[in-house]
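Per-entry structural report
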Amino acid sequence: MVTNTLKQAQKRWKELSETIQNMSTVNPAETKVDQQARMERARKDYAYFVEYYFPHYCTDKETGKVIPSARHHIEAAGKILQKRTLKAVFKWARGQAKSTHMDVMIPMWLMCQKRREINVMVLIGKSEDSAKTLLGDIQAELQYNRRYTHDFGTKYNAGDWLDGEFVTSDGVAFFARGRGQSPRGLRYRNRRPDYIVIDDLDDDELCENDCRVRKITDWVKEALFGSFGAEGGRFIMVGNLISKCSVLANIAASKGVEVSQVNVLDKKGKSSWPEYWTLERIREKREFMGYRAFEKEFMNNPIKEGTVFRKDWIRWKRMLPLNKYDEIVAYCDPSFKGSTKNDYKAIKVWGKVGTELHHLYAFVRQCSVSEMVRWFYDLHERFPEDVICEYYIEANFLQDIILDEFTIEGKLRGYQLPIQADRRKKPDKFARIEAVSPLWERGFIYYNEELQNDPDMLVGIEQTLSMEKGSRTHDDGPDADEGAINILQRHTREQELQPSFGYRRSPKNAW
C-alpha cells in the first residue's frame, strides 16, 4: 500500500534519481589504467570515494563549492570498515550528514571492496514509511549513479524500496523496517543481516513516555540485535540526543557500545565541519532557535525547563532614564579561557530603584576574552557623564591574561576601566542562584523591554529558565545575575543599617 507520505517520497525519489544521473557523468576518454587507479584509490580513501562518486551531495547549493567530508565522517567510515562486529552509536548533531553517510555512502563503500563486506542490510526508521524513504536513497544510487556503475558494475537487480526491499545483481539484499516491527526471520537465501543501521529512531512524543522508551530499547536489544547470525555484524545507531530519556541514550550507555559524539561546535567553539557549517551559519541558527532548542538539536544537550525558575516570572518593562537609578552594577563572569565546557562569557548590567531590580543590558556569548573586554569598554562609553556604573569581576578570574586584555584595550582607548574584584567567598553556585529566585517569583525583577529580541538577553533568559540541580546546561548568565544582585542588595542593607547613638536607660534603684 502506497500512503500519501510515500507518494510524496516517490516524487522526491524521482527528482533525486534525475539529479544523480545528471551529475554522475563519466569521462569516456579515460584509459583502463586510469580507471583501475581510481578504483584502487576509492577503496582505500573514503574522502575521495565520496567526492568522486557523490558530487550531488558534495556541492554546496548556496556557494556552488565542493564540500569535503568532515574528519568524523572519514573516521567513522574507517572504523566501520575495520570492525565487522562493531556496535556503535554515532551521536551527531543535526545537519552532519548522518543518514547520507551511514545509510548510503558507507554501505556502498563496503560493497565495492575487494573482499565482500556486506550481504544483508537492514535499515530501521521511526516508522515503516520513513524507513522505506531512507532505503530509497541507496536504491537511487545503485540504479542511477553512472560513475559507480561504470567502475563497479551494474548493481540494481530486482525489488522496490516502496515495498521495503530490493536485491542487487551480486546478491546484496536491502530491507526497511519501522520502529517496533518484527525483524525476526529476516534473511536473504542463507544469509542473515550483517549491517543494521537505526536512523533517527527517537522523536519528541516517544521520549515523553519512559515506558515506551524502555519497550523500544528492549526491542532494539532483543528482537533487532538478535536478527544477526552467529557471526554477528555491524550494528549502528545514528541520531542526535534529543532527550536523556531516549532509546539513543539507552543504547549509548549499553555495555560494549562505542560512542562517537559530534556537536556542531567543538570544545574550543570551532565548527566541527567548517567547510559546510560556517560560524556565520551556526550563529544564525542559534539566534533564531534560541539557546535551549539549539543546545538540543545541535549540541547533544537536551534541556528541559528547569525546576528553579518559571517562564511566567520573566517580566518586561520600560526602563528608567539611567540617571534615575539608585545604583547600577555591571558584573562579569568571563569563564576560563580554553575551558573544556566551552562556557559562555557573561556581563550583566542591573539597576536598582526602590525595591525593584531592572535588567538593563546583557552580554552572553561564546567568544574570546578580547571581545568581552571590548564590549565592557563600549558599555562604559554608552553611559552619560552623570551616570555612575560600578564594574565588578569575580576575584578568582582576575588572572594575568584577563588583566592584560583590559590593559591593552585601555591603552587603545586612553583610559583604564575602573573594574573591581568581587572577593566574596561564594557558596555553591546552584544554591546561590536558587537563593535569589524568590525575587523573580515575587515580582521584583524586570527586564528591559527594548531588548526582547536581543540575542544576548534571550540566551541569558534561556539559561535562567534551564537551571536545574545537576544539569549540564550553561549557567554563566544567571551566575553573573546573582553576582550583580548580591552587590546591589548588600549595598542596600549597609545603607539601611545606620548606627544610632543614645543613653542607656537606667534600671530602677540604680545608684
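Presented here is an overview of the structure given in this document.

Conventions adopted
Residues numbered from 1 in each chain as written. Predicted model: local features only at pLDDT ≥ 70, side-chain atom pairs only at ≥ 80, totals over all residues. Heavy atoms only, no water. Helix = DSSP H or I, 4+ residues; strand = E, 2+ residues; numbered from the N terminus. Rg over C-alpha atoms; globule rule 2.2 N^0.38 Å. Buried < 20%, exposed > 50% of the residue type's maximum accessible area, 1.4 Å probe, protein only. Lys, Arg positive; Asp, Glu negative; His and termini not counted. Charge placed at Lys NZ, Arg CZ, Asp CG, Glu CD. Pairing = 2+ DSSP bridges. Axes fitted to C-alpha atoms, helices over the stretch in contact; angles between N-to-C directions. Contact = heavy atoms within 4.5 Å. Parallel < 35°, antiparallel > 145°, perpendicular 65-115°, else oblique. Left-handed = near helix turned anticlockwise from the far one by under 90°. Nonpolar A, V, L, I, M, F, W, Y, C, P; charged D, E, K, R; others polar. Phe/Tyr/Trp six-rings, centres within 6.5 Å; stacked < 30°, edge-to-face > 60°. Polar contact = N/O pair within 3.5 Å; in protein donor to acceptor, adjacent residues only side chain to side chain. Core = buried A, V, L, I, M, F, W, Y, C linked by side-chain atoms within 4.5 Å. Expected span 1.5 Å × (residues − 1).

What about the overall build of the chain?
Helix and strand counts for the chain come out as 17 helices and 15 strands. Its C-alpha atoms give the chain a radius of gyration of 30 Å, more than 25% over the compact-globule value 24 Å for 511 residues. Expressed along its principal axes, the backbone C-alpha trace of the chain runs to roughly 115 × 55 × 40 Å. For the chain, the residues scored as buried account for 52% of the 511 residues in total. Of the charged side chains in the chain, 81 are positive and 76 negative; the average position of the first set lies 5 Å away from that of the second.

Let's talk about the sheet that holds strand β2 (residues 120-125)
With respect to topology, eight strands assemble into an open sheet ordered β3-β4-β5-β2-β6-β7-β1-β8, the strand pairing being mixed. Every other strand in the sheet has two partners, leaving β3 (156-160) and β8 (258-262) as the edge strands with one partner each. With strand direction ignored, the average angle separating the axes of adjacent strands in the sheet is 15°. Across five bridges, the pairing between strand β1 (residues 87-92) and β8 is parallel. Counterpart to K91 in the pairing with β8 is Q261. The strands touched by helix α4 (residues 71-82) are β1, β6 (195-199), β7 (234-239) and β8; relative to β1, the strand with the most contacts, the crossing angle is about 170°.

Description of the packing of helix α5 (residues 98-111) against helix α6 (residues 128-144)
With their axes 10 Å apart at the nearest point, α5 and α6 run at an angle of 40° to one another. Considered as vectors, α5 and α6 are oriented oblique to each other. Handedness of the crossing formed by α5 with α6: right-handed. Counted together, S99, D103, V104, P107, M108 and M111 of α5 and L134, D137, I138, E141 and L142 of α6 form the full contact between these two elements. When the residues that make up the contact of α5 with α6 are grouped by side-chain class, the tally is seven nonpolar, one polar and three charged.

Points about the packing of aromatic side chains
Applying the stated criterion across every chain yields a total of 33 aromatic pairs. Measuring from ring centre to ring centre gives 6.4 Å for Y156 and F166, while their planes differ by 45°; the resulting arrangement is tilted. Note that Y156 is positioned in strand β3 and F166 in strand β4 (residues 165-168), a separation of ten residues in sequence. Residue classification places Y156 among the partly exposed positions, given a relative accessible area of 24%. We classify F166 as buried; its relative accessible area is 2%. A ring pair is formed by F225 and F235, whose centres lie 5.0 Å apart and whose planes are at 85°; its orientation type is edge-to-face.

Details of the packing of helix α2 (residues 32-44) against helix α3 (residues 46-53)
The interhelical angle for the contact between α2 and α3, taken along N-to-C directions, is 120°, at an axis separation of 5 Å. The angle between α2 and α3 places the two elements in the oblique class. With respect to the hand of their crossing, α2 and α3 are arranged in left-handed fashion. Note on element contacts: α3 touches α2 through Y46, Y48, F49, Y52 and Y53, opposite R38, M39, R41, A42 and K44. Classifying every residue of the contact of α2 with α3 by side-chain character gives seven nonpolar, no polar and three charged.

Details of α3
For the α-helix, the turn length of 3.6 residues means that residues three or four positions removed from each other point alike. The buried fraction of α3 is high, at six of eight residues. Contacts made by the buried residues of α3 are with α2, α4, α5 and α7 (146-152). N-capping of α3 is provided by D45, with a side-chain oxygen placed 3.2 Å from the backbone N of A47.

Here we look at the pairing of strand β5 (residues 173-178)
Burial within β5 is extensive, with six of its six residues counted as buried. The two faces of β5 match: A173, F175 and R177 on one face and F174, A176 and G178 on the other face are all buried. Here six bridges tie β2 to β5, and the two strands are oriented parallel to one another. Opposite I124, over in β5, you have R177 as the bridge partner. Relative to β5, β4 runs antiparallel, the two sharing three bridges. Within β5, the position partnered with V167 by the bridge is A173. Between β4 and β5, which pair antiparallel and follow one another directly, the connecting turn spans four residues, one of which, G171, has a positive phi of 85°.

Some remarks on the nonpolar core
Counting 62 residues, the largest nonpolar core has I328, V349, Y361, F376, L379, F383 and W440 as its most contacted members. With 53 residues, the next largest nonpolar core counts A9, M102, M111 and F174 among its residues.

Some words on α4
Here α4 is twelve residues long and its end C-alpha atoms lie 17 Å apart, about the 16 Å a rise of 1.5 Å per residue gives. Of the residues making up α4, those classed as buried are H72, H73, A76, A77, G78 and I80. Looking at the buried side of α4, the elements it contacts are α3, β1, α5, β6, β7 and β8.

Here's the deal with the sheet that holds strand β11 (residues 345-353)
One key point about sheets: their strands pair by backbone hydrogen bonds, in either a parallel or an antiparallel sense. Across the sheet, which stays open at both edges, the seven strands sit in the order β9-β15-β12-β11-β10-β13-β14 with mixed pairing between neighbours. Of all strands in the sheet, those bounded by a partner on one side alone are β9 (316-317) and β14 (419-422). Where strand β10 (residues 327-333) meets strand β13 (residues 390-394), four bridges bridge the pair, whose relative direction is parallel. From the neighbouring strand, C332 faces β13, where its bridge partner is I393. In the packing of helix α13 (residues 369-382) onto the sheet, contacts are made with β10, β11, β12 (356-365), β13 and β14, and the angle to β12 comes to roughly 145°.

Considerations on the pairing of β10
Most of β10 is tucked away: seven of the seven residues are buried. Every second residue of β10 is oriented toward a common face, with E327, V329, Y331 and D333 on one face and I328, A330 and C332 on the other, all of them buried. Pairing geometry for β10 and β11, over seven bridges, is antiparallel. The residue bridging I328 from the neighbouring strand is G351, located in β11.

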